[in-house]
Every structure is written in C-alpha cells, then in structure tokens.
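Structure assessment
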Amino acid sequence: MLTPWGEALDKNAVLQEYPRPQLVRESYYNLNGLWDYAITASDACPGAWDGEILVPFSPEAPLSGVGRILKPGQVLWYRRTLPFGKQDGGRMLLHIGAADQRAWVYVNGLLAGTHTGGYTAFTLDMTKLLRDGENILTVAVRDDTDAVPLSRGKQKTKRGGIWYTPQSGIWQTVWAEHVPENYVQALLFTPELPEGRVRWKLTAPAPKGAQIEISYQGKPVSSGETDEDGCGSAVLPPEQLHLWSPEAPNLYDVTITLGDDTVRSYFAMRTVGTGKDAAGHPCLLLNGQPYFHHGVLDQGYWPDGLYTAPSDEALIYDITRMKQLGFNMIRKHIKVEPERWYWHCDREGILVWQDMPSGDMSTGKWEPHRYGAGTDAARSEESFANYYKEWGEIMDFCGRHPSVVVWVPYNEAWGQYRAEEVADWTKRRDPSRLVNPASGGNYRDCGDMLDLHNYPEPKMYLYDAKRVNVLGEYGGIGLPVEGHLWSADKNWGYIEFKTREDVTDRYVTYAEKLMELVERGFSAAVYTQTTDVEGEVNGLVTYDREVVKVDVDRLHEVNRRLVRSLDL
C-alpha cells in the first residue's frame, strides 16, 4: 500500500528539506538517498554488501527497496561516500535524525561515536577523521525491539492487534554541516507573561556576547545578547506582544550571531497552566485563560514508510487535515517525530501532548508501590536509568517547540514504574509545561492531571477536585473502506459501521455527550484516531491518506462547539 507521496517519490531527492528549523545555517549537506547495506548475524563487518537501501527508510518499509525485517541479534550495516573531504578550519558535524535502537558510526573505518535510543537526533564531530580525497561513512545499527528494555513504542517482533510492524535502523534524515570552532550548539527560548519577557539559553563552547535580533513579520522588535553562561532576556514592546494559540499561531523570528557563526531560529509567546473554570472545576489554561484541548491520538505510521513520512508534504497533511476537522490538539502517541513535524505544528497552530515511547513493559515481577497502596511492574535499575536517559533527551528535543504543552511519561500502565518520582522529575526538568503522569494508567496522586480512558463512548468514572480531569482516549469508531485496507482480513475498530454517514452520526453523538461531561469537569479529550494503522480501521482517514471517512463540515462544526464549551 502506497500513499500519494510514496507513489510520487523521487529516489534522487528524498526528504531534502532542512531538518532542523529551530537552528538553521546556510551550510548543509543532505545525505539521504541510496546507500549500500548488509545484514549480518554479528557485529563483524560484512564481507560483501547485500544491495542498496533508500535512506532514511528502514529496511522493513516498502519505500526502502529492501523488504527485510531486522531480527534481534542481527546488525544492519550502511555505507556511502561523503560528498566532501577534509575542511580548512572549523568543524564538520554529522547529524542523524534517529536510528532505532543502537548505532555505531565510523568515518574511514574509525569510530566517530555511538548512540543508544531510537527516537532522538544525535550529532558527531567528524573533523579529525576526514582526509583529502574519498571519505567513507559507515553506520552499524542493532535493533532488538522488545527483547531489550529500550523504548520501542508500538513496535513488536510479532505484530498484531494494537502492535505494529517493527522498523529498524536509520529512519530520519542524515545530514552534515560545516561550522566555526565556536558555534551555536543549542538554543532554548522561554516566554514569561504577562510582562512580555522572553529569556534565552544558548549553548556554545564560548557563548558570551552572542547578538540576538528579534523580529515579527519582518519588523525588528527587540534585541539582546548572551552573558558568560549563554543566558539573556528581552522585553517585547506591548504593541509587539503577539500571543501564540491554535487560533493565532504567531511566531517571532530570531537571528543569532556568535563570532563567525550565524543561525536563524524562532519562538512564540505563550504560557500553559491550570486554574478553575466558571463552574469551579480545575481546568487547563492557555495564556492565562480556560482552554479546552480537543485532539486526536496520532500514531505517526505510514504504510509505505512506517515511522518515516514519505515527504514533508505528507507530514503537513496529517496536521492540517486534523485542523480542518476542527481539532486543536494532537496527542503524539508513544512516538517522536522529526523536528520538522513539530515546526509544522508551531506554524499551523496545534497543541501537542508528547508521549514517552513505551519500552520495558514488565519483568513479570511485581513489587509494593513505594509511595503507598498498590503494586508496580518491577523494572531493573538499568532499565529505569535508560528510561530517564531517553525521556530526558526527548524532552530536550521536543521542548524547543511552543506547540508542545503537555508531557506524558507513561501510556496507561505500560512499563509504569515509580510514577510519582517520574512525574516530579519531569516537572522539575521543565516547569513551563504540564505533566500528565500516566494517560489512562494506574492512578497516582501526582502531576497536573487525572487521565481516563474509555472506549468507545466518553465517560467520566473518576473525578479529582485538585487536578485537571481529562479523557485521554475515547472513540475508535471503525469503518473499513474497500480498496484502502492494509490487510485483507482481521480489520477492527472498537465499534464498527458500514457507512460514512453512520460514522459521522456516532461521532457527533459522542461529541455532544462530551459537552455534558465538560460541565462536570472534563478539560480535554483525545479521540482515537487520526488514521487507520495496519489492521486498525478506526481512523478518521484511511491508512493511505486517500479517503476521509467522515463528513468534514459536520465534524468541524461540532468540534468547534466542543472546544468553545468550556467558555460557556
């Protein structure tokens, strides 16, 4: 099954867009395209290459041209020639958007670095390994999926039901850039309202004295510089204070100059928090005002690219289609997207709840809950340390984007362990966002939310007078569309209908029931789901993105009424 973008794919120009919109330089070498590949039974270098693979699609994805599943214990090898050689001055950096699950990177046969974790970008310095003439880049990846306690999301060695085809290896853009010796490595902007101040933190070998120029729609509005710690701030003029929201996704452009290094970035002025609605219920706040989050559960899977969207236009489609249907939020479900996806959410104006991809579900042992009654699935200290490492990297990666407003450390009770400790750690690491400690999981008195799951219809069966009450999953209305099914059989939804009209009618019924529950204290709801995924046919759109399975105008109308219901 191919999407329209997969059918139109040009193997000589795969995902060529600049992959890091939050930190843009002119120096850019895109390394996507055909690489040599081999799969070996051990970590010994391959004696011969098996063929070509289209990077950044995993070997399991149809668009890769390989069609093989990497099994636990096997190693996937990549090789290509670099389009540049040794540079005079400065540093040459290699960036890999993501490689699932563990990667070893070699330049001219010498180890440049390693990375563990299949969901975050990593950067390696190749400067001293490059030579005049031909330079060879080699990457080895091992992906043991559910055989090790690393995060894996919905992947499973034996797919079926709610578990999907595993994918392995490089699945996001590979690229390189030439930078000065003293260069901007990372940026973080933090807005403060109502005073209209924006603070920044710049990371560099020597960050002092970087010049920060801020503009809005091409007009300069403020400026500043960094101190010896890379920090600084500026107050925006009141007439130039433009708040960000799904209805008005205002972004400020920034140019940063640090010696010989110049980068472009952006930020938004918005705050999130909790408060009380007109009826006295705890509620979510956006820019200090009650705001109902109504979103979709988004798996981020593609029939032709698996984890990897076949084009940038495909990434944009899922976001804009959900906005067209009247949603103002996406719950990114136990997956992390390429940075351009979050940029599109920033630009288009849609809130994001970011899940931690689940991993070590359970060792089969249980231990008393350290904070009180109940039990947790036990995790080894190694497993838990790796959880913190990966979750911290994901938070740092996604936390640069104003659209991301809620952290979700656990989905249901999948690997849930020491939930109070994790919620507190997450809040300390980023106090500017809200923490949903376990969406639909074992309920612990921690974080900012109590999150319920109920299929198919909305229900409120618990209420917390101290925390915000949300419905983290509901719906799952199924409609199999002939000619657009991934599987010939075993297609399912939580409830199934045969016509578009019936699906729309039932959706509207659920939305109207939700409005009643808003009066009782719900402040957010997440419908399952954006698209069909493999055997699941409960998407609002078919898996190939060819057919919208509901009446667009009716959904938009009822969703907008639902979003506004908190204000009534």
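Residues numbered from 1 in each chain as written. Predicted model: local features only at pLDDT ≥ 70, side-chain atom pairs only at ≥ 80, totals over all residues. Heavy atoms only, no water.

Moving on: the overall build of the protein chain. If you tally the helices and strands in the protein chain, you get 7 helices and 34 strands. With respect to the three principal axes, the spread of C-alpha positions in the protein chain is 70 × 60 × 50 Å. For the protein chain, the proportion of its 568 residues judged to be buried stands at 61%. The contacts in the protein chain between residues at least 6 apart in sequence include a share of 68% that link residues at least 24 apart. Carbon together with sulfur atoms contributes 49% to the accessible area of the protein chain, which is approximately 21300 Å² in total. The protein chain carries 59 positive and 79 negative side-chain charges, and their two centres are separated by 3 Å. (Helix = DSSP H or I, 4+ residues; strand = E, 2+ residues; numbered from the N terminus. Buried < 20%, exposed > 50% of the residue type's maximum accessible area, 1.4 Å probe, protein only. Contact = heavy atoms within 4.5 Å. Areas by Shrake-Rupley, 256 points an atom, 1.4 Å probe, with all protein chains shown as cover. Lys, Arg positive; Asp, Glu negative; His and termini not counted. Charge placed at Lys NZ, Arg CZ, Asp CG, Glu CD.)

Once that is clear, we can look at the sheet that holds strand β17 (residues 231-235). A sheet is described by the order of its strands in space; here 3 strands give the open sequence β13-β14-β17, paired in antiparallel fashion. If you trace the sheet from one side to the other, it starts and ends with β13 (186-192) and β17, each paired once. The sheet shows a mean angle of 20° between the axes of neighbouring strands, taken without regard to direction. In this sheet, β17 lies alongside strand β14 (residues 197-203) in antiparallel orientation, the contact comprising 5 bridges. Across the sheet, the residue bridging to Lys-201 is Cys-231, located in β17. (Pairing = 2+ DSSP bridges. Axes fitted to C-alpha atoms, helices over the stretch in contact; angles between N-to-C directions.)

Note that Thr-145 resides in the loop between β10 (136-142) and β11 (169-170). Excluding residues within four positions of it along the chain, Thr-145 makes contact with Gln-101, Arg-152, Gln-155, Lys-156, Thr-157 and Pro-166.

Moving on: the nonpolar core. One finds Tyr-507 and Leu-540 to be the most contacted residues of the largest nonpolar core, which totals 72 residues. Here this core takes 9 residues from helix α6 (residues 500-520), the largest share from any one element. (Core = buried A, V, L, I, M, F, W, Y, C linked by side-chain atoms within 4.5 Å.)

What follows is about α6. Residue pairs spaced three or four apart in an α-helix point in one direction, given the helix's 3.6 residues per turn. If you check α6, its first and last C-alpha atoms are 31 Å apart, about what 21 residues at 1.5 Å a residue would give, namely 30 Å. By the burial criterion, the buried members of α6 are Val-503, Thr-504, Tyr-507, Val-508, Tyr-510, Ala-511, Leu-514, Met-515, Leu-517 and Val-518. (Expected span 1.5 Å × (residues − 1).)

This part takes up empty space enclosed by the protein. Where empty space is left can be seen by rolling a probe of water-molecule size over the atoms. Taken as a whole and assessed by the stated rule, the structure comprises 5 cavities of 30 Å³ or more. Of the volumes computed, that of the largest cavity is approximately 80 Å³. Lining the largest cavity are 16 residues, with Pro-357, Ser-358, Gly-359, Arg-379 and Tyr-387 positioned closest to its centre. Split by residue class, the lining of the largest cavity holds 8 nonpolar, 5 polar and 3 charged. Along the walls of the second largest cavity sit 14 residues, with Pro-437, Ala-438, Asn-442, Tyr-443 and Arg-444 positioned nearest its centre. The leading source of residues in the lining of the second largest cavity is strand β30 (residues 449-453), at 3 residues. Of the residues that constitute the lining of the second largest cavity, the class distribution is 7 nonpolar, 4 polar and 3 charged. (1 Å grid on protein atoms, 1.4 Å probe; cavity = no way out; pocket = protein on both sides within 12 Å on 5 of 7 lines; lining within 4 Å. Points joined across faces, edges and corners; volume = space filled by probe spheres on them. Nonpolar A, V, L, I, M, F, W, Y, C, P; charged D, E, K, R; others polar.)

These figures capture arrangement, not role.
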